[in-house]
Amino acid sequence: MEFNGKLIVFSGPSGSGKTSIVKAILSKYPDMFGFSVSATTRVKREGEEDGKSYYFISKEEFKKKIENGEFIEWEEVYEGLYYGTLKSEIQRLHQLHKHVLFDIDVEGGLNIKKLYKDRVLTIFVMPPSIEDLKQRLKLRRTENEESFNKRVDKASKEIEKAIFFDNIIVNDHLENAIQKSEEKIMEFLKEKQ
Ligand code: 5GP
């Protein structure tokens with residue numbers, strides 16, 4: 001039987017915990033899901049691996065890929081910082097008979113839905129409050145003051161778009177949010193079999 005690959009998109013503000021949810025699902029079901037590794041022009045953080053967290057490329061390379069039509073979607077997520085989903089990633093994972101999990105920004109997530117429609121499940125990960133989001137970003141210690149402020153500013157705008165997602169999951173407790181996400185994904189896969 002031909003594999004009917006699906007796309008599961010996790011979006012939400014930076015610091016909402018979407019990456020932790022995606023990682024938990026990937027490690028629980030390694031044969032069922034694969035992670036769409038995006039390309040980015042931002043610098044690598046400690047602990048990140050090229051080709052696993054992201055494909056870290058220069059702005060020039062990124063622009064070349066745009067010109068060559070290699071992206072399904074791309075965004076200048078923060079001023080001067082580009083992120084994009086490569087067509088080759090979806091092909092690679094579907095060839096392995098894995099459904100694709102995305103951890104991308106809100107605009108990117110909605111664009112994937114527009115393109116692939118019924119094959120996509122979109123999940124918005126909502127922080128319990130902006131205060132909580134600020135705390136998490138601080139604890140993460142990945143941002144300087146400027147990028148911290150940019151991320152907080154962007155968060156309020158992103159939250160306004162939550163209504164356009166198939167599901168909104170409030171991440172007030174990580175384990176519960178993981179469980180709810182899993183339930184929604186399994187329901188979707190069953191429905192679309
Ligand atoms: P970070 O720099 O924290 O890894 O990611 C910043 C934002 O860019 C996050 O919201 C992340 O989900 C988003 N992002 C990562 N990859 C992509 C992508 O391929 N496309 C889009 N549109 N956003 C992405």
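As a reminder, the structure under discussion sits directly above these lines.
Residues numbered from 1 in each chain as written. Predicted model: local features only at pLDDT ≥ 70, side-chain atom pairs only at ≥ 80, totals over all residues. Heavy atoms only, no water.

## Let's talk about the sheet that holds strand 1 (residues 7-11)
Thought 1: Taken in spatial order, the 5 strands line up as 2-7-1-8-9 in an open sheet, and their pairing is parallel. With partners counted over all chains shown, the strands left at the sheet margins are strand 2 (33-35) and strand 9 (167-170), one partner each. Within this sheet the neighbouring strands show an average axis-to-axis angle of 25°, counted without direction.
Thought 2: As paired elements, strand 1 and strand 8 (residues 120-126) share 5 bridges and run parallel to each other. Looking at strand 8, one finds that I8 is bridged to L121. (Pairing = 2+ DSSP bridges. Helix = DSSP H or I, 4+ residues; strand = E, 2+ residues; numbered from the N terminus. Axes fitted to C-alpha atoms, helices over the stretch in contact; angles between N-to-C directions.)

## Considering the packing of helix 5 (residues 130-140) against helix 6 (residues 145-160)
Thought 1: Where helix 5 meets helix 6, the axes come as close as 11 Å, and the angle between the chain directions of the two elements is 145°. In this structure, the crossing between helix 5 and helix 6 has a hand that is right-handed. Counted together, I130, L133, K134, L137, K138 and R140 of helix 5 and F148, R151, V152, A155, S156 and I159 of helix 6 form the full contact between these two elements.
Thought 2: Residues of the contact of helix 5 with helix 6, tallied by class, amount to 7 nonpolar, 1 polar and 4 charged. (Left-handed = near helix turned anticlockwise from the far one by under 90°. Contact = heavy atoms within 4.5 Å. Nonpolar A, V, L, I, M, F, W, Y, C, P; charged D, E, K, R; others polar.)

## With respect to the pattern of salt bridges
Thought 1: All chains considered together, the criterion is met by 13 salt bridges.
Thought 2: Between K150 and E146 there is a salt bridge whose closest N-O contact spans 3.6 Å. You can see K150 and its partner E146 sitting in helix 6, 4 residues apart, about one turn around the helix.
Thought 3: Here K150 falls in the partly exposed class, since its relative accessible area comes to 28%. (Salt bridge = Lys/Arg side-chain N within 4 Å of Asp/Glu carboxyl O. Buried < 20%, exposed > 50% of the residue type's maximum accessible area, 1.4 Å probe, protein only.)

## Things to note about the packing of helix 1 (residues 18-28) against helix 7 (residues 174-191)
Thought 1: At their nearest, the axes of helix 1 and helix 7 sit 10 Å apart, and the two run at 60° to each other. With respect to helix 7, the element helix 1 is oriented oblique. Crossing of helix 1 against helix 7: the hand is right-handed. Facing S20, I21, A24, I25 and K28 of helix 1, the residues of helix 7 in contact are L174, A177, I178, S181, E182 and I185. (Parallel < 35°, antiparallel > 145°, perpendicular 65-115°, else oblique.)

## Overview of the packing of aromatic side chains
Thought 1: Following the criterion strictly, the structure yields 8 aromatic pairs and no others.
Thought 2: One aromatic cluster is present, formed by F62, F71, W74 and Y82 through successive ring pairs.
Thought 3: A cation over a ring is seen here: K154 above Y78, with NZ or CZ 5.5 Å from the ring centre. (Phe/Tyr/Trp six-rings, centres within 6.5 Å; stacked < 30°, edge-to-face > 60°. Lys NZ or Arg CZ within 6 Å of the ring centre and 35° of its normal.)

## Considering the site of the ligand
Thought 1: Around the ligand, the structure places 17 residues, and the nearest of them are S38, R42, Y54, E73 and Y83.
Thought 2: Side-chain polar atom of S38 to an oxygen atom of the ligand: 2.7 Å apart, as the coordinates give it.
Thought 3: Between the ligand and G84 there is a distance of 3.2 Å, counted from an oxygen atom to a backbone nitrogen or oxygen.
Thought 4: Relative to its free-state accessible area of 520 Å², the ligand is covered by the protein chains to the extent of 96%.
Thought 5: For the shell around the ligand, the secondary-structure elements that each account for two or more residues are strand 5 (71-78) and strand 6 (81-86).
Thought 6: Looking at the shell around the ligand element by element, the count peaks at 4 residues for strand 5.
Thought 7: Of the residues belonging to the shell around the ligand, the class tally is 5 nonpolar, 4 polar and 8 charged. (Near = heavy atom within 4 Å. Polar contact = N/O pair within 3.5 Å; in protein donor to acceptor, adjacent residues only side chain to side chain. Areas by Shrake-Rupley, 256 points an atom, 1.4 Å probe, with all protein chains shown as cover.)

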